[in-house]
Amino acid sequence: MSFRPRTSRQRYRQYRIDLKAHETEGSMRTAAAHVKTKGPHGQRSFLQLFAAFYGFLRGSRAIIGFSLLTVMVATALKLIPPAATGFVLDYILGSKQIPAGVVERFGLPTERPTLLTLTAVVLVAVAAVAIAVGMTGRYLNTLTTKRVQSRVRKRVFEHAVRLPLHRIYQLKSGGVASILREDAGGVGELLFSMLYNPWRAVIQLLGTLAILAVIDWRLLVGSLLVIPIIYYTHRSWIGRIRPLWRDIRASRQYMDGHATEAFGGMRVVRSFGRQRAETGRFIRNNHLMIRQELLAWWASRTIEVGWAVLIPAASAALLWYGGRRVLEGAITTGDLVMFLFYLAMLLEPLATLASSATSFQNSLAGLDRVLDLLDEPQEFEGTGGADAPRSTGVGAAIAIRGLSFAYPGADTCVLEDIDLEIPAGRMVAFVGSSGAGKTTLCNLIARFYDPTEGVITFDGVDLRTIDVERYRRLLGVVEQDIFLFDGTVGENIAYGRRGATPEEIRGAAEQAHAAEFIDRLDRGYDTIIGERGVRLSGGQRQRLAIARALLADPCILILDEATSNLDTESERLIQVSLETLMRDRTSFVIAHRLSTIAHADLIVVLEHGRIVEKGTHAQLMDRSGRYRNMVQMQLMPTSTDANGGMLLPREPTESRA
Ligand code: ADP
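Computed from a predicted structure; not experimentally measured. (Residues numbered from 1 in each chain as written. Predicted model: local features only at pLDDT ≥ 70, side-chain atom pairs only at ≥ 80, totals over all residues. Heavy atoms only, no water.)

Caption draft 1: Structural detail: the overall build of the chain. For the chain, the count of helices and strands is 22 helices and ten strands. Looking at the chain as a whole, 46% of its 657 residues are labelled buried. For the chain, long-range pairs separated by at least 24 residues make up 77% of all intrachain contacts whose partners lie at least 6 apart in sequence. For the chain, the exposed surface amounts to about 33100 Å²; the carbon and sulfur share of it is 59%. (Helix = DSSP H or I, 4+ residues; strand = E, 2+ residues; numbered from the N terminus. Buried < 20%, exposed > 50% of the residue type's maximum accessible area, 1.4 Å probe, protein only. Contact = heavy atoms within 4.5 Å. Areas by Shrake-Rupley, 256 points an atom, 1.4 Å probe, with all protein chains shown as cover.)

Caption draft 2: Main features of the sheet that holds strand E10 (residues 610–615). Here six strands make up an open sheet; going across it, the order is E6-E7-E8-E3-E9-E10 and the pairing mixed. In the strand order of this sheet, the two ends are held by strand E6 (475–478) and E10, each with one partner. Looking at each pair of strands side by side, their axes are set apart by 15° on average, direction ignored. (Pairing = 2+ DSSP bridges. Axes fitted to C-alpha atoms, helices over the stretch in contact; angles between N-to-C directions.)

Caption draft 3: Expanded view of empty space enclosed by the protein. As enumerated under the stated definition, the model contains seven cavities of 30 Å³ or more in all. In this structure, the largest cavity occupies an estimated 70 Å³ of space. Forming the walls of the largest cavity are Leu559, Glu561, Ala562, Thr563, Gln575, Leu578, Met582, Val589, Ile590, Ala591 and Thr596. Taken together, the elements giving at least two residues each to the lining of the largest cavity come down to helix H20 (568–582) and strand E8 (586–590). A per-class count over the lining of the largest cavity returns seven nonpolar, three polar and one charged. (1 Å grid on protein atoms, 1.4 Å probe; cavity = no way out; pocket = protein on both sides within 12 Å on 5 of 7 lines; lining within 4 Å. Points joined across faces, edges and corners; volume = space filled by probe spheres on them. Nonpolar A, V, L, I, M, F, W, Y, C, P; charged D, E, K, R; others polar.)

Caption draft 4: Summary view of the side chain of Asn197. Looking at the element boundaries, Asn197 is found in helix H8 (residues 173–215). Sequence-distant contacts of Asn197, defined by excluding residues within four places in its chain, comprise Phe192 and Leu353.

Caption draft 5: View of the site of the ligand. Within the structure, the ligand sits among Tyr407, Val414, Ser433, Ser434, Gly435, Ala436, Gly437, Lys438, Thr439 and Thr440. Here a nitrogen atom of the ligand sits 3.4 Å away from a polar atom, N or O, in the side chain of Tyr407. Contacts to the ligand include Thr439, whose side-chain N or O atom sits 2.6 Å from an oxygen atom. Protein contact buries 58% of the 560 Å² of open area that the ligand shows by itself. A class-by-class count of the residues in the shell around the ligand yields three nonpolar, six polar and one charged. (Near = heavy atom within 4 Å. Polar contact = N/O pair within 3.5 Å; in protein donor to acceptor, adjacent residues only side chain to side chain.)

Caption draft 6: Region of the structure containing the pattern of salt bridges. What the rule picks out here adds up to 31 salt bridges. Put simply, Asp368 and Arg44 hold a salt bridge, and the shortest N to O gap is 2.5 Å. Taken together, the residues span a long stretch of sequence, with Asp368 in helix H13 (residues 333–375) and Arg44 in the loop between helix H1 (8–24) and helix H2 (46–56) at a distance of 324 residues. Classification of Asp368 by relative accessible area gives buried; the value is 0%. Of the charged contacts in the structure, one is a salt bridge between Arg585 and Asp553, with a shortest N-O distance of 2.6 Å. Taken as a pair, Arg585 in the loop between H20 and E8 and Asp553 in the loop between helix H19 (538–552) and strand E7 (556–560) lie far apart in primary sequence, 32 residues in all. The exposure class of Arg585 is buried, given its relative accessible area of 12%. By sharing partners, the salt bridges in this structure join Arg44, Arg246, Asp368, Asp372 and Asp375 into a single network. (Salt bridge = Lys/Arg side-chain N within 4 Å of Asp/Glu carboxyl O.)

Caption draft 7: Fine view of helix H22 (residues 626–635). For H22, the complete set of buried residues consists of Tyr627, Met630, Val631 and Gln634. For H22, the arc enclosing every buried residue in end-on projection is 100°, short of the 170-degree limit, so these residues lie on one face. The inward-facing, buried residues of H22 abut strand E3 (427–431), strand E9 (602–607), E10 and helix H21 (617–622). (Arc of directions from axis to C-beta.)

Caption draft 8: Main features of helix H4 (residues 80–93). Between its first and last C-alpha atoms H4 spans 18 Å; for 14 residues at 1.5 Å apiece the expected length is 20 Å, and the two agree. Those residues of H4 that fall on the buried side of the exposure criterion are Pro82, Ala84, Gly86, Val88, Asp90 and Ile92. (Expected span 1.5 Å × (residues − 1).)

Caption draft 9: Broad picture of the sheet that holds strand E5 (residues 461–462). Taken together, the four strands give an open sheet; going across it, the order is E2-E1-E4-E5, and neighbouring strands pair in antiparallel fashion. Edge positions in the sheet fall to strand E2 (415–422) and E5, since each of these pairs with one other strand and no more. In terms of strand pairing, strand E1 (residues 398–405) meets strand E4 (residues 453–458) through five bridges, oriented antiparallel. Each residue of the ladder has a partner; that of Ala399, found in E4, is Thr457. Its contacts with the sheet place helix H14 (residues 438–445) against E1, E2 and E4, and it is angled at close to 120° to E1.

Caption draft 10: Broad picture of the pairing of E9. In terms of residue burial, E9 counts as a mostly covered element, since six of its six residues are buried. With burial as the criterion, each face of E9 is covered, one bearing Leu602, Val604 and Leu606 and the other bearing Ile603, Val605 and Glu607. In terms of strand pairing, E3 meets E9 through four bridges, oriented parallel. Counterpart to Phe430 in the pairing with E9 is Val604. As judged from the five bridges shared by E9 and E10, these two strands associate in the antiparallel manner. Looking at E10, one finds that Glu607 is bridged to Arg610.

Caption draft 11: Molecular detail of the nonpolar core. By size, the foremost hydrophobic cluster in this structure holds 48 residues, and its most contacted members are Ile493, Ile518, Ile597 and Tyr627. If one sorts the elements of this core by residue count, H19 sits on top with seven residues. Filtering out sequence-adjacent residues up to four positions away, Ile518 remains in contact with Val489, Ile493, Ala509, Gly524, Tyr525 and Leu544. Residues Leu209, Ala314, Met345 and Ala357 belong to the second largest nonpolar core, which totals 39 residues. (Core = buried A, V, L, I, M, F, W, Y, C linked by side-chain atoms within 4.5 Å.)

Here's what the structure looks like:
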């Protein structure tokens, strides 16, 4: 098997083949087979997209309505200047006479120079009003665009944080960020490309059509001939462009996902000297995207070139025809000039629509992808809802019955036939070799996943019926791989409880034996710890995580190798505080150092996803089973274990992860 990555050219060729296959199948579904971001739907129809977009406008519809009204007024005012030009040509410079009734009624001056000045003044006034009204509308629309963007981003974020864990791992953090930034941002832009600009175009179109009809209906019929051509090009080309934009967006998400991952794992990248390889991968992804972008560029230009030819040709044809009508004496020169002005105004919105059609498709593709994400089922959707029965005093009783579990997408069970009854307030330890399923069992108790078979109950209530967010508020989890946010030490400890006071934060730090090292930091609790806590040692991070769990005051505590990064001395210190922490709570502990769990109420030995032994330390030591074996193995001094403590041979100490 070769690990040589495929070049962007090879991937692009495959992409074109997939694209062809999809087009000939008549399906417009995205062809970017290398990115699994497709939702349950293929391409949505324009109406579906519009309806979804309209939904996002809730709360801003009145203001949008008002901005559309201002556009209407501003556009209508723009129709006045060409008429004024025609008027000047025919009535002031030409030989036509203004009807006497009109002169009297409006009190118009009879001298031509005065009339000319008046016309100019009116034109300036009209332009000023049109600009003021138009700017107001544009500002309101821009404001609403930002509001819609922030609303869509909020919806996407809210939804993404509730997706099932395995889906989030698939999308990668950079991938989600890409959807939030690019795609959700594009949805806001739709306000201009889907409502504001088309509306302006429609008003201008109808206005000019009406005026043209008054000037000369034959000319109008000629100009209307362009409309079927527009419709046809739109139908045949635009539909092809959106899938291309979708794929480009998917590629960008893929690229962002990988880049974020590379920087997240920079220590590994550096320690294996893989900077060049990572750069290469980034460049290859980028090259693929560039190839796709060029393809979309060609598709878009085809439409634009069509327009660039069509519009001057149409104008020339109408100029020719209109000129003949003047020669025939059917219309005046002023009429023809006016007509040509209006014709330009008629074609202008169409040209704007045509040139923005491709960016419009790009934004629509963004909306399509946002909807894909919002359509994905959330974690445990449709289950739960019941309040967690808050157990008073001593934690909660947890029972596991007939539990089997396979990770989503995997067919082999990693846990089988697990049965456990844990009365409230007890400490349970899971032991077993690596890969036995200890973490998975804790994941199920924390309800990061639901059992494939069997049930877990909390004070007698099936976990699946409890509202998962409320349930998790009762949990405190300290994992081996500690995740800290870039912020101050104090903020990280307070993460577990909203509105914690500085005294409470300090108290928790003291109990977790973290206060001492925090005080030694240059800014104490206000020290910024860097992304993921890179400025702290493994042991310090672990103590912060314990303080965070202590402050959250959970009724169920899960400690997954929570002390594995501590040296023996600190572990002994923390052990005392952990015991305080575990008192009055139901706790699940995974530990390699068996000395730390010897006093557990129940020790469960797992092997290949099954329980092979359970009992107290004393009971298990009486049997010559797996547990006793493990204890004896750990007691054996190894060459690396200089202080003869109960250490496993390859255990990390105070390491920087
Ligand atoms: P332990 O905590 O005892 O070391 P785990 O519970 O982490 O073991 O893993 C048990 C088994 O589940 C392993 O075979 C591992 O490969 C598998 N596993 C763990 N996490 C996942 C996951 N997210 N998806 C699929 N399989 C997983």
